[in-house]
Structures are given as C-alpha cells and as structure tokens.
Amino acid sequence: MTFEDALYDVNTKMEDRAFGAVKQDITNQGCKTLGETVRLLEIGANTEGLAILKVEVGGKEKCVLTNRKAEYFDGLENRIVYISGLKSLCKKEVGETWYIRSCKDVTDREKNIANSNKLSEEEKEMFQRNIEKFSPEIQRDLGLKKLELVDKQEQVKESEKILYKDPEEYDALYMVLKKVMPQEFRDIYESVRCRLDKNCSASEKKNYLKQMADIMEFNWIRDADYKYIDISYLREKINVTHIGHRKQLEEIYTEFEAANISEIMPKTICLIGHPDTGINQLAETIASSIGRGYSVLNLAGIHMKETDSLTGTSKIYENARSGLIFERIKQAGVRGGLVIQDFESYDPEIRNTLTPVLQKTSFLDKFVEVEINLSNMFVIVTCSDIKDIPMSLRANMTTIYFQDAEENEIIETINKIIAPKYCREYGIEFSKMIPDECCRTLIYKFANRDMNKLDNLIRSIVVNTVTNGEKIFPDYSVRDINEFYYAEEDYEKTRNTYVREITGTEHKFFTCYDEYPACIQKKVIKLFEILNWESDESQKEYARDAIHYLSNIFTGRIEPFAIGVVIKELSKTHYLQNDFGERIEAAILSKQLEHNTNKMTIIGLDGNAGTGKSSTAISVSRALKRNCVKINVGGAGGAEIIKGTNKVLRNAGPSMIVRELAKSGHGCYSDVIILDEVDKATPEFFNALYEFLDPNEEYIYDQYLECSIPKNNFLVMLTFNDISCIPLPIRDRMEIIEYSNYSMQDKKVIISNYILPKLKEKFSIGELTIENDALDLYIHDYDVVPGMRNVERDFEYILMNIARNNKGKFAKTVSVNKSFIIEFLGERRSFGFNDIPPRSVGKCGMAQALAVTAGGIGVSTAVETVVNPYQEKKVEITGLLEGSCLESVSIACCYVSKYMKKKLPKIHIHMTDAAKKDGPSAGVTITMSILSCLLEKTLPNVAFTGSVDLFGNIGPVGGVYEKCIAAERASIGNVIVPSECYKRLVERKEIDRLNIEIVPVDTVEEVIKYVWE
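Everything numeric in this text was worked out from a predicted model, so none of it was measured.

Conventions we followed
- Residues numbered from 1 in each chain as written.
- Predicted model: local features only at pLDDT ≥ 70, side-chain atom pairs only at ≥ 80, totals over all residues.
- Heavy atoms only, no water.
- UniProt positions renumbered as here; feature names shortened; annotations may be inferred.
- 1 Å grid on protein atoms, 1.4 Å probe; cavity = no way out; pocket = protein on both sides within 12 Å on 5 of 7 lines; lining within 4 Å.
- Helix = DSSP H or I, 4+ residues; strand = E, 2+ residues; numbered from the N terminus.
- Contact = heavy atoms within 4.5 Å.
- Buried < 20%, exposed > 50% of the residue type's maximum accessible area, 1.4 Å probe, protein only.
- Polar contact = N/O pair within 3.5 Å; in protein donor to acceptor, adjacent residues only side chain to side chain.
- Pairing = 2+ DSSP bridges.
- Axes fitted to C-alpha atoms, helices over the stretch in contact; angles between N-to-C directions.
- Salt bridge = Lys/Arg side-chain N within 4 Å of Asp/Glu carboxyl O.
- Left-handed = near helix turned anticlockwise from the far one by under 90°.
- Nonpolar A, V, L, I, M, F, W, Y, C, P; charged D, E, K, R; others polar.
- Expected span 1.5 Å × (residues − 1).
- Right-handed = clockwise from strand over helix to strand, strands pointing away.
- Patch = residues over 30% accessible without salt bridge, like charges linked within 9 Å, V, L, I, M, F, W, Y side chains within 5 Å.
- Areas by Shrake-Rupley, 256 points an atom, 1.4 Å probe, with all protein chains shown as cover.
- Lys, Arg positive; Asp, Glu negative; His and termini not counted.
- Charge placed at Lys NZ, Arg CZ, Asp CG, Glu CD.

Colleague: I would appreciate a short explanation of the UniProt feature "active site" (unreviewed entry) in the chain in the present structure.
Modeller: With numbering matched to this structure, UniProt assigns "active site" (unreviewed entry) to S921 and K963. These annotated residues cover 43 residues of sequence, and their C-alpha atoms all fall within 10.7 Å of one another, placing them together at a single site. Narrowing the list just given to those that line the largest pocket leaves S921 and K963. Positionally, S921 belongs in the loop between β27 (907–911) and α35 (923–935). Apart from residues lying up to four places away in sequence, S921 is in contact with T945, G946, S947, V957 and K963. Here K963 shows up in helix α36 (residues 960–969). Assessed through its relative accessible area of 3%, K963 is described here as buried. Not counting the four nearest positions on each side in its chain, K963 is found in contact with L850, A851, V852, S921, T945, V957 and G958.

Colleague: Hey, could you run me through unusual backbone geometry in this one?
Modeller: Most peptide bonds are trans, and most residues other than glycine sit at a negative phi. With a phi angle near 50°, D342 is a residue other than glycine that sits in the positive phi range. Tracing the backbone through its elements, the reader meets D342 in the loop between β8 (337–340) and α13 (348–359). On the basis of relative accessible area, D342 is assigned to the buried category, the value being 16%. In this structure, K360 is a non-glycine residue whose phi angle is positive, near 55°.

Colleague: Any chance you could explain the side chain of T912 here in plain terms?
Modeller: Residue placement: T912 occurs in the loop between β27 and α35. Classification of T912 as buried rests on a relative accessible area of 7%. A distance of 2.4 Å separates polar atoms of two side chains, one belonging to T912 and the other to T861. Within the structure, T912 has its side chain in polar contact with the backbone nitrogen of A862 (distance 3.0 Å).

Colleague: Just to check I follow, could you spell out the sheet that holds strand β26 (residues 875–878) for this structure?
Modeller: Two strands in a sheet stick together by hydrogen bonds in their backbones, pointing the same way (parallel) or opposite ways (antiparallel). Strand order in the open sheet formed by seven strands is β26-β27-β25-β24-β28-β31-β32, and the pairing between neighbours is mixed. The open sheet has two edge strands with one neighbour each: β26 and β32 (997–1001). On average, adjacent strands in this sheet sit at an angle of 30° to one another, irrespective of strand direction. Pairing between strand β24 (residues 846–852) and strand β28 (residues 942–944): two bridges, direction parallel. Across the sheet, Q848 pairs through a bridge with A943, a residue of β28. Here helix α37 (residues 979–987) sits on the sheet in contact with β31 (974–978) and β32, set at roughly 105° to β31.

Colleague: Can you help me understand the pattern of salt bridges in this one?
Modeller: As a working rule, side chains carrying opposite charge can pair if their charged atoms are close by. For the coordinates displayed, the defined rule picks out 34 salt bridges. E706 is paired through a salt bridge with K647; the nearest N and O atoms lie 3.5 Å apart. Remark: K647 occurs in the loop between α26 (640–643) and α27 (656–663) and E706 occurs in the loop between β18 (699–702) and β19 (707–710); sequence separation between them is 59 residues. Using a relative accessible area of 27% as the deciding quantity, one classes K647 as partly exposed. In this structure, K663 and E660 form a salt bridge, with 3.2 Å as the shortest nitrogen-oxygen distance. Pair noted here: K663 and E660 are both in helix α27, with a separation of three residues, about one helical turn. Given the relative accessible area of 54%, K663 is considered exposed. Owing to a relative accessible area of 17%, E660 belongs among the buried residues under this scheme.

Colleague: What is the right way to read the sheet that holds strand β12 (residues 397–402) from this model?
Modeller: Ordered by their spatial adjacency, five strands build an open sheet running β7-β8-β11-β6-β12, and the pairing between neighbours is parallel. Single-partner strands in this sheet number two, and they are β7 (294–297) and β12. The mean inter-strand angle of the sheet, taken between neighbouring strand axes irrespective of direction, is 15°. Taken together, the six bridges between strand β6 (residues 268–273) and β12 define a ladder with parallel strand orientation. For L271, the partnering residue across the bridge sits in β12 and is I400. Running over the sheet, helix α9 (residues 246–262) touches β6, β11 (378–383) and β12 and is turned about 155° from β12. Together, β7 and β8 form the strand contacts of helix α12 (residues 324–332), whose direction differs from that of β7 by roughly 155°.

Colleague: What should I look at first to understand the packing of helix α23 (residues 565–573) against helix α24 (residues 580–594) in this one?
Modeller: Geometry of a packed helix pair, given as the angle between the helix axes and the separation of the axes. Running from N to C, α23 and α24 point in directions that differ by 145°, and their axes come no closer than 9 Å. Here α23 and α24 pass one another in a crossing that is right-handed. Listed contacts from α24 to V565, V566, I567 and L570 of α23 are F580, G581, E582, I584, E585 and I588. Across the contact of α23 with α24, the residue classes break down as seven nonpolar, one polar and two charged.

Colleague: Is there a simple way to explain helix α32 (residues 791–805) in this structure?
Modeller: For an α-helix the count is 3.6 residues per turn, leaving residues at separations of three or four pointing the same way. Compared with an ideal rise of 1.5 Å per residue, which puts 15 residues at 21 Å, α32 spans 21 Å between its outermost C-alpha atoms and is within 8% of the ideal. Considered for burial, the residues of α32 that qualify are V791, D794, F795, I798, L799, N801, I802 and A803. Of the surrounding secondary structure, the elements contacted by the buried residues of α32 are α30 (744–762), β22 (767–770), α31 (772–781), β23 (813–816) and α33 (818–825). One or two residues past the end of α32 sits K807, with phi positive at roughly 60°.

Colleague: Got a minute to help me understand the environment of T307 in this structure?
Modeller: Mapped onto the fold, T307 is located in the loop between β7 and α11 (308–311). In this structure, the C-alpha to C-alpha distance between T307 and S860, residues 553 residues apart in sequence, is 98 Å.

Colleague: Whenever I open this one, the pairing of β31 confuses me. Can you help?
Modeller: Two faces make up the sheet, and in a regular strand the side chains alternate between them. For β31, the tally of buried residues reaches five of five residues, placing the bulk of the element in the interior. In the sheet, β31 pairs with β32 via five bridges, with the strands oriented parallel. Each bridged residue has a counterpart across the sheet, and for I976 the counterpart in β32 is V999. Tracing the backbone out of β31, into α37 and back to the parallel element β32 gives a crossover that is right-handed.

Colleague: Whenever I open this one, helix α16 (residues 436–446) confuses me. Can you help?
Modeller: For α16, the buried fraction is high: eight of the eleven residues fall into the buried class. Listing the buried residues of α16 in full gives C438, C439, T441, L442, I443, Y444, K445 and F446.

Colleague: Just to check I follow, could you spell out a negative patch on the surface for this structure?
Modeller: Residues E980, D1002, E1005 and E1006 make up a contiguous surface patch of negative charge. Here D1002 shows up in the loop between β32 and α38 (1004–1012). Taking the relative accessible area as the measure of exposure, D1002 reaches 39% and is therefore partly exposed.

Quick look at the structure:
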C-alpha cells in the first residue's frame, strides 16, 4: 500500500467516526441516504454559521441547509463535488437538510468514470487517484477500458449462474436420476448428503455442495445404456475432414462394428504417426461422431511437480475441487469418447497418472472420491512413436500406424477439404481445383509439408481474395503463388546466400523448393523427418550436415546455346590455337541437338603445363553463364572424390563435387566441373570416374548423402598433361582437344596483346610497351617452358623493380628494354637446352639433332662421328643413349655400309647430353652424321628428326612441333622432318606459327639430295 492509499484510509475512518455521532442524533427524522454529484453555485451561512448551499443537480437549481460550517466548503465554489451522507425534509424555508459525511472535489475526474453508475464512489475515487498523473488522453482510454472490464465481469457473473444451488434441489434431481446412476455414484452422493446434514463448517459445506454438483452434472440419461454407433455416419464425417489411409480407417470401422455386435466398447485405440498425417484431427472427428459426448485432453509441454490439478484436491482444504481428468470424463460421459493427444510429449508423472485411463480400468478423483468404471468409455490416444508408450500399456491397446500422407493425398485434401472449407466460411465460390503444380509449391515451398501451415496458407489466400472484393477463388499459377508470398529481390537474396545453420537451410530449402531436382526434394524431406522425430543425436547430426549440402545446390537453368559465344569469350583471354574454340562449341552443341537427357558433355583438354587448359574451362563457364568449380584430383584421393564416403566411416563426407558446388551457396547441377591433373590420379579414382562418365546414366550415387545426384547437365572438362596415363575406356567417353606448345611467335603475340595490357590495367599505368629486341631476348633466353605460366609473373616482377627504382610509383609511360630484363631476371634460362658445341659446327661428322624432354620442352643437341682405327670395338657409342636409340645406331651403320657398298671402318659415335635419348627419332641424324664423317662432307645449318629403317625409309616420330620450336630458338634455319609429321603440322596449322623452313622427306636419299646436291 502506498502512502497516499494509507492516508486516504485514515481520513475515511476519521470521517466515518465523526459522522457516526451525527447519525445517532437524526435517526428518527426519516432521513434518506445522500450520494449526489452536484455543482456548488453559491455558499452562504445562516445565523448559526451553518452553510447554506445553492447547488445544481440534473440541470435544476435548489438550496439546501447543511450541518457543516461555511468554512468547510472553502475553495469549492463553482466546482463539481460528490457529497455523501444523509438528507431529510424540513418545514423551514430551506426545503432540504443535508447531513454531510464527506464532500469531495470531482471536477477533474475522468468524464466516463464520473458518469458511470456501475462503480461505487470508493471505486471511482481509488481509480481516479491511480490515473490522475497521466495525460487526459490516457485517462480517457483507461476509463473506457475500466468500464469494458466491468461489463465483461457482469457477463461472466451472468454466465456462471447455475440452475441447481441448494441441497434440496440436488436431492430432487437425484431422486429422478438415481435409477440410471451407477451404484458407486449413488453411494458417494448419499454419503455426502448425510455429512451435509450434520454440523459442519461453511468451507466444508461449500465443498460438499461442489461434490454433489460434480456427481449430478453427468448426463446420466444419455449414458444409461449402450448406444448403437452409426458406421455410415462416421464414414461420412471422416471423409469430409480426412483423405487417405484407407486401410487404417477400415481397421477402426471394424472395431466399432464389433462393438455394435457385443455392445462393449473397443480397447483403447492408439494412432501412431507424424502430426502432419492429421491423426489429432482424425481422433477428434471419430470421438465427436460416435453419437456420445466427447472431450479432448492435450497436456503436451506442461510440466508438473504435483498432479493435484489432474487428480483433484482433498476436501480438507478450502476451495478444493475436482481434477482435470475427472472434468474431461464428466464432459464426455461414462460411455463417451476421450481423446488424449500427443501422448509422447507428456511428462512421466502425467503419463503415470493417465495409466488407468489408458488401460480403461477405473479412475479415482481425490475430491469426488468416486472410483469411476472406465470400461464403457471409448479412449483414443495419438502419438508419433510407439516406443514412447510402455510395453505394459501396449498390451491393452489397438495400435494403428499412419504413414506420412502421399503427395496426391495432400493435394486431394487441399482441393476437397481445406480450400472448400474456407471458401464456404468467407462466402466465396470454389469452382475450379487448384492445379497440382501450385499445390506442390504450397506443400513443399511454403508449408514445409506441415499441414497446419498449409491450412493457414490457404486461409490467407482466401482472406486476400475476399479483401480484394472477389467472389470466386482465383485461378493461381505457380508464378502467382510465388509472387503472393515473396518479393523477387527477397527470393534472390535467399537463393544466393550460403547457409549452414539448420534454421537457415530449412528456410532456404522450402523457399526455393521448386529449384531442386525431384530426387533431392524427396531425400531432404526424409532428412527433415529424421531431424524432427529421430531421438538418436548422431542421426540428427548427419541429417543436419546432409541438408546443408543439398540445400545449397539447385537444378540450374540451362540457356539455349548461342553459336560463337564461347569463341568470343575465349578471344578476350586466350590466343586461339588449333581451333579448339570451335571444337568446344561443337561438343556443347552436340548435346543440345541430340536431345539425349542422359548424356553429359565431357571434354578432355590435353597439353603441357601452362598452355591454358584450366583458364579455357573457366572462360567457357563464363561464356555459358554457368558457375564453375575446379577440383584438383592429382594424387588427392580415390573414389571418394566422385562418390563420397560411407557415413559410418570416420571423417565421412560427400563427394568433392558436391562439396565444391555447395560452397558458393547457389551451385547447380548444370555447372562446369573442372577435374584438373587427371593423369596424376589414383587407380581407384579412375574406376569411379569411369562410372561417373557413363553416358547412359543420368545420376551418380553419393555414398554419404545416400541419394542419387543428377549429373546429366554437367559440363565436365578434364585437364591432363600426359594422355597416355588416362585409361583407354575413359578416353573413349570424352571429346579430346589437344593443346600444343606455344611457339616463339605465339609468345610474342600473347605478351604484347594479352599480358602487358592486363598488367597495364592492373597497375593503372598510362602506357606500357616492350622493345622488340627486349622481347626477342626474353623469348629466346628466358621463356623456355612450353606454356605461359611464368611469363606474367616475370613481367610483374620486372615492373615492381622499375617502380622501386622510381620511388615506389610508375611513370606515365613505361617501356621494358633489354637492360631491365638482364638486370632483373638475372642468368639466362636457356642454358642446357642448346647442347650443340659451337666449335664442332661445320666439321665433318657433326649433325644437329632435336629432342623433347620429359617436361615437353624441345631441345637441340648434336651427333658427332669420327673414325678411330685405334679403338677396340668397331662402333663405340657414348652419350645418354638407351633403348630404341641404340637400335637406331645399328640400323644407321647397316644402311650406310649398304649405301657406300663397303665395310665400315672403326667409328666412334657420340651424342651430346642435352636430353636423355631413348627413342628412334635420332635415326636420320645418326645416319647423316656417319655419312658426313665417311664422305668427309660438312652439313649445312640444318637439323634432323625422324626414324630410319634398314631400307632408308624415314618414319614419323612424336614431338615434332616442340622440336621445331627448339630449332628456332637455336637459330637453326631448316628442319628436315618425316612427311607424315609435316602433314600433321599443316593440318593443325602449327606450321604457320613457326619462323623456320620445314622440309618433308620420306627417304634418306631425299635428305642426302637436299643437303649436298
């Protein structure tokens, strides 16, 4: 109590005490109670000093004499006051005398409260003191709320009126109903009636009356005997609210048919299934349709330490009452239906309390003290899992399992139950079924397969239709449904955002439901069921992880392929060679024209490191407007890269393809997949890759996700440096595009047209050029590798050193000259790639050869032959020769001996050490070296490559283009090659990129004729 409240109480008591003496003196004067709200117009006094008041009451003025001195009313003139006390009529000139107990100024009282006759003056005074500190607007609102509450309380009091109140009235009712009441209820009623007749306290009497009321409030006439259950009516009611589960419903109908025959209600029926199957609503429909009373009990989520609220409280306590279970039984009746919903969510104490109800034995309420026989009741229980019910209870139940409703059943429910129900409720016409596609969008995308959400969604559509003034349910398309719930920008933001946390993944999956393949939709729905209803935490953790991967990858949109887009994009970043742009377009166009939905576009890119294979794949993805993921499989792992690992293994996870696609948050099953360094992969990977590239299969099974992943729309691009390491069955499943090395002319064009402009833009340089002699120097002596991988790095390093020398900034014009290259790049890198001894050039017996290193780099070397009669062997061989290269020496000696028609002298053949020689390509070079030595004729500035047989025929060899590049770097003007190799250079247009003369030959005689004749 506040100080103001305490002061108010003290003043009130003092006024009551003072007025008590006045009241005793005037008891015989015929006084009436005074309680008037008046305006004091004038305040005067008689000769005795008592106040005479001129007041305005109800629009009329009058004068009254009071028992108070005039000073009592100081400051109240022209104010509105409330005067309480007594009033009497006298015969003096003043018509009325007011014996005033108190006079309170109510001028500032809130108008609605002041004019109300539903509150006492004390209540008004108390309320006004509580609100007087607020603004007039708030006082007015609080006053209205107070009066509304008073009206509500009056309505509640009116509704609480009961027909029977006195014991005699209950006795009369008892005498009417006792013949149909069970014996146990009659015994308790008569016992209570006897106790009531004895001397008992007021609280005991009140409890006994409650107990009698609880007994008599049963509908004993309705429950007097067994009532036949109308099965047809039950079927009709269930068909209105429930679709599907025909087998389960027939089992329920059979139970009731048996009950009609035996007139004994069936055992407790337990409906087991996901709440979305509608078992709660079904149970209530059944209970309400059997022609008896029914009640529903749902205690899910309620925690109780004591169960008195369920079982009642003892009558030894004041205000004792019966428990909730008894109230539900009373509402249903002893032959009615009791529905217990979501039993698995109850606390153990509640489950134990409900055990006798589920067993249908008997139930004793502590307050009513009647042991109710439940054998004639119909009890139906719903739960999501049978394991939540003890085995002892299951033996006394009929358990019926309800599987999740099929998609077609849910669609039928929408069109036959939910939509018509709300259309009738809001008075609009439902003339046309909602299309299946729209129903699926509502079911999966917006309702998450939750029937309650689905119900609310359809209701919102109906409400929106009514709000717009329409009288017919609209004919929605999928697009209309999407626009109804989501703005386009919100949808795109949700779709493109990477999510990991389960709430985010759930929202993203169901928002973008239409954009997932059907197999993924079904899998994720099952995973959400595991997450929501599985008790095993390891299974839940797996479900969360799998949902995270699957919800971040979409089906993807494949736009019609436009001829030329790939070539146009590649021209911006690549120097086209061998027409590989056209070949890539042809491979992509093949799938579009073939109309084979299972076929996956597979392109293999074969070439040395740095020739632009991976960057080509990235440019292709950009041209096709698809995402791109790159996976380096070189020695990284086995089949798990393609198929994932089993979830039972440690560190299990999905395939690398799925992981990389999910990283961006909006990966698609139509993206470009780059498998890099495939030639360095393991045998286990090749086995999985063979299955992945199968053109007749539309899906690949992921062992971790345990579902099929659609692969038919992928564009798979494999890169490798050595095609011989790729198994032949895998090669047969791809379109192979070969990347040749860059010639010196190619590198000049790439540096000038691609690399330097890129660096110019990167570092905001006004003008960036390179002098021709500097470019030649770099190409000849520094860039010896086949590709361009190090070129950009070298020139960036040169530019950084130029900036360092210029105080950390660039001039407006930067020109790279020879001195910069020599100073900043240091020692020339071509050392070891040209192994022709300068002093041997022009001597008899010296022939220039060409070879290719294991890294694909062309090198120049020399074969030297001299006559040495002093050696022991007829032919002495030195240098890095092995394998078929040694056989070439024997063949060359045989051919020369036959050509010269004489026995060869003792000769020594040496090959310089630029590269290891184990192939037949040096055959023609060795032959010409021996002939030059024996004929004592020097060879011009020409290099040779090609194999030789015993008849002098020159056969094709590999790496001719790389060898020609080496000859150009070594300033060799002419290269003699086999005719077949020459044709390949022409077909591949590689000959146009070389700055040397290439001579095709078929026999050694043609070589001899070319070099000496």
